[in-house]
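Commentary on secondary and tertiary structure
The primary structure of each chain is shown beneath.
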Amino acid sequence: MAVVGVGETDYVRGSPRLPEELMLEAARAALADAGLAPRDVDGLIPPSGFTTAESLAANLGIEELRYAVTVHMGGASPVAALQSAALAIAGGVARTVLVVVGWNGWSALRPKPGAPRPRLGFAPTAAAQQIVDFYLPHGVMLPVQMYAWLCMRHKKVYGIPDEAAGAVALACRRHAQLNAKALLRGKPLSLGEYLASRFVSEPFRLFDCSLETDCAAAVVLTSAERARDLARRPVLYLGGAEGHPFPADDIPSRPDFARIGLSFAAPRALAQAGIRADEADLLGVYDCFSYVVLLQLEALGLCGPGESADFVADGQIELGGRFPLNTHGGLLAQGHAWGLNHVVEAARQLRGEAGAAQVDGAELALVTGWGDLGDGSIAILGRGP
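As a starting point, this report considers the structure included with it. Computed from a prediction, not measured in an experiment: that's the story for all the values here.

Scanning the protein from N- to C-terminus turns up 13 helices and 11 strands. On C-alpha atoms alone, the protein measures out to a radius of gyration of 19 Å, which is about the 21 Å that the 2.2 N^0.38 rule sets for 385 residues. Principal axes of the C-alpha set define a box for the protein whose edges measure 55 × 45 × 40 Å. Looking at the protein residue by residue over its 385 residues, the buried ones come to 60%. When contacts within the protein are restricted to residue pairs at least 6 apart in sequence, long-range pairs at least 24 apart make up 75% of them. Carbon together with sulfur atoms contributes 52% to the accessible area of the protein, which is approximately 14800 Å² in total. Here the protein holds 32 positive side-chain charges and 40 negative ones, and the gap between their average locations is 4 Å.

On to the pattern of salt bridges. Considering all chains together, one arrives at 14 salt bridges under this definition. Between Asp-33 and Arg-351 there is a salt bridge, and its shortest N-O distance comes to 2.9 Å. Here Asp-33, found in helix 1 (residues 19–34), pairs with Arg-351, found in the loop between helix 13 (340–350) and strand 10 (364–371); they are 318 residues apart in sequence, far enough to count as distant. Across this residue pair, the class does not change: Asp-33 and Arg-351 are buried. Through salt bridges with shared partners, a single ionic network connects Asp-33, Arg-232, Arg-351 and Glu-353.

Taking 1.5 Å per residue, 15 residues should reach 21 Å; helix 6 (residues 162–176) reaches 22 Å between its end C-alpha atoms and fits that length. The buried fraction of helix 6 is high, at 12 of 15 residues. Every buried residue belonging to helix 6 is among Ala-164, Ala-165, Gly-166, Ala-167, Val-168, Ala-169, Leu-170, Ala-171, Cys-172, Arg-173, His-175 and Ala-176, and all of these are buried. Where helix 6 is buried, its residues contact helix 7 (191–196), helix 10 (290–299), helix 11 (308–311) and helix 12 (330–333).

Here the focus is the pairing of strand 1 (residues 2–8). Regular strands place side chains that alternate from one sheet face to the opposite one. A large share of strand 1 lies buried, amounting to 7 of its 7 residues. Two strands pair when backbone bridges link them, and strand 1 and strand 7 (residues 214–222) are joined in this way by 6 bridges, in the antiparallel orientation. Across the sheet, Ala-2 pairs through a bridge with Thr-222, a residue of strand 7. Looking at chain direction, strand 1 and strand 8 (residues 235–243) are connected through 2 bridges and run antiparallel.

All right, on to the packing of aromatic side chains then. If you walk through the whole model with that rule in mind, you get 10 aromatic pairs. Taking the centre distance of 5.0 Å and the plane angle of 65° together, the rings of Phe-50 and Phe-122 count as edge-to-face. Note that Phe-50 is positioned in the loop between strand 2 (43–45) and helix 2 (53–60) and Phe-122 in the loop between strand 4 (96–104) and helix 4 (126–135), a separation of 72 residues in sequence. Considering the side-chain rings of Trp-103 and Phe-122, the 6.0 Å spacing of their centres and the 70° angle between planes classify their relative orientation as edge-to-face. Residue Trp-103 is located in strand 4, and its partner Phe-122 is located in the loop between strand 4 and helix 4; the two are separated by 19 residues in the primary sequence. In this structure Trp-103 comes out as buried when scored by relative accessible area, which is 7%.

So, about the pairing of strand 7. Buried residues dominate strand 7, accounting for 9 of its 9 residues. Burial along strand 7 is two-sided: Asp-214, Ala-216, Ala-218, Val-220 and Thr-222 facing one way and Cys-215, Ala-217, Val-219 and Leu-221 facing the other are all buried. By the bridge criterion, 9 bridges tie strand 4 to strand 7 in an arrangement that is antiparallel. Paired with Leu-98 across the strands is Val-220, a residue of strand 7.

What follows covers the environment of Ala-347. Its place among the elements puts Ala-347 in helix 13. With relative accessibility at 1%, the residue Ala-347 sits in the buried group. Leave out the neighbours within four places in its chain, and Ala-347 touches Val-3, Val-6 and Val-235.

Conventions and cut-offs
- Residue positions are given per chain, counted from 1 along the sequence in the order it is written.
- This being a predicted model, a pLDDT of at least 70 is required before a residue's local features are given, and a value of 80 or more before pairs of side-chain atoms are given or counted; all residues contribute to the totals for chains, interfaces and linings.
- With hydrogens and water stripped out, all remaining heavy atoms of the structure feed into the side-chain values.
- Numbering of helices and strands starts at the N terminus; helices are DSSP runs of H or I of at least 4 residues and strands are runs of E of at least 2.
- Values of the radius of gyration come from C-alpha atoms, whereas the globule rule sets the reference at 2.2 Å times the count of residues to the power 0.38.
- Throughout, exposure labels follow a simple rule: accessible area from a 1.4 Å probe, protein chains only, divided by the maximum for the residue type, with under 20% read as buried, over 50% as exposed, and the rest as partly exposed.
- Contacts: residue pairs with any heavy atoms within 4.5 Å of one another.
- Per-residue and other accessible areas were derived by the Shrake-Rupley procedure at a 1.4 Å probe size, with only the shown protein chains allowed to occlude residues.
- Two residue types count as positive, namely Lys and Arg, and two as negative, namely Asp and Glu; His and chain ends fall outside the count.
- All charge positions are set by atom: Lys at NZ, Arg at CZ, Asp at CG, Glu at CD.
- Any Lys or Arg side-chain nitrogen found within 4 Å of a carboxyl oxygen on Asp or Glu counts as a salt bridge.
- By this rule the span expected of a helix is its residue count minus one, scaled by 1.5 Å.
- Two strands pair if DSSP finds at least two bridges between them.
- Classification of ring pairs uses Phe, Tyr and Trp, with its six-membered ring standing for Trp, and accepts pairs whose centres are within 6.5 Å; under 30 degrees between planes counts as stacked, over 60 as edge-to-face, and the remaining range as tilted.

Here it is in structure tokens:
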């Protein structure tokens, strides 16, 4: 399978358009990038909320929709959706699949006066029910609070210094300065400014938190054989997986706090692709919060438990380092498109089209997703012929 087209909107605060309008823009851009028309698409994977496959198909002009599915893993959904698309194509159910996500993450997530209100919100999930029944009575209702349980435990057990999460935040911010679409372009960040920022929910400081943005992103996948005849160099989907911690919807009940969803998904995906994680030329790691990146680096096997602070030190995750991470700025500095923007960036890197942020000789990328209460997903992408 191969990614043959990518597209995204601008990353803004205060868009006058609804999520579906943003998704349509991103989808059309991805199809144009691939040199395809809507009639060429017969599979569609929309996000878990804000639209439906039927509505997107009608507005795009997809006349024969043979495959439609939604992945319910929160922010891990878009990367997991690549696996679903690959399976559909390999099984002959669909020939070309469009994966799209979009939302008013600033305008409507916390409604602003005069902002457009989407008719549909998030699709209900088991995690949401757990939060309402057991967490909300204790004042816990936001991801920044729940993920803090995992990260603060990890920080205390392994003695992780504040500068480790800071290294992630600074790398993303520095990379964003090279991205014309990044919301925080033109707003550099120093380590001193990072350390001086207020705590939101310890260990998360203000600059550890991803951006609330109005945006959308989309990717198009088809068979590797068909990809050879299309407009762009194909980006091969070499392997992927999803994983769920146990129990998936209750953090305090887990016997091992460090076994996140990616701990289960990464070994399977790496075995499928026949590679080691340390063979990657670049990383797209889901960065809803900077410390969550540290957990995922360990789950990928790039370093041992508690060794992520050393892994991110000395510029190793910045451009020019051994493992450049989120070279577009990520959710922390470009904008929050549920991590599908990480796939868009990885594809551009592997096609040699990342401009000033291009990683020399990039041939292999690892992209992860994180959602709900620690669900994980991974896609391994390679430079095509």
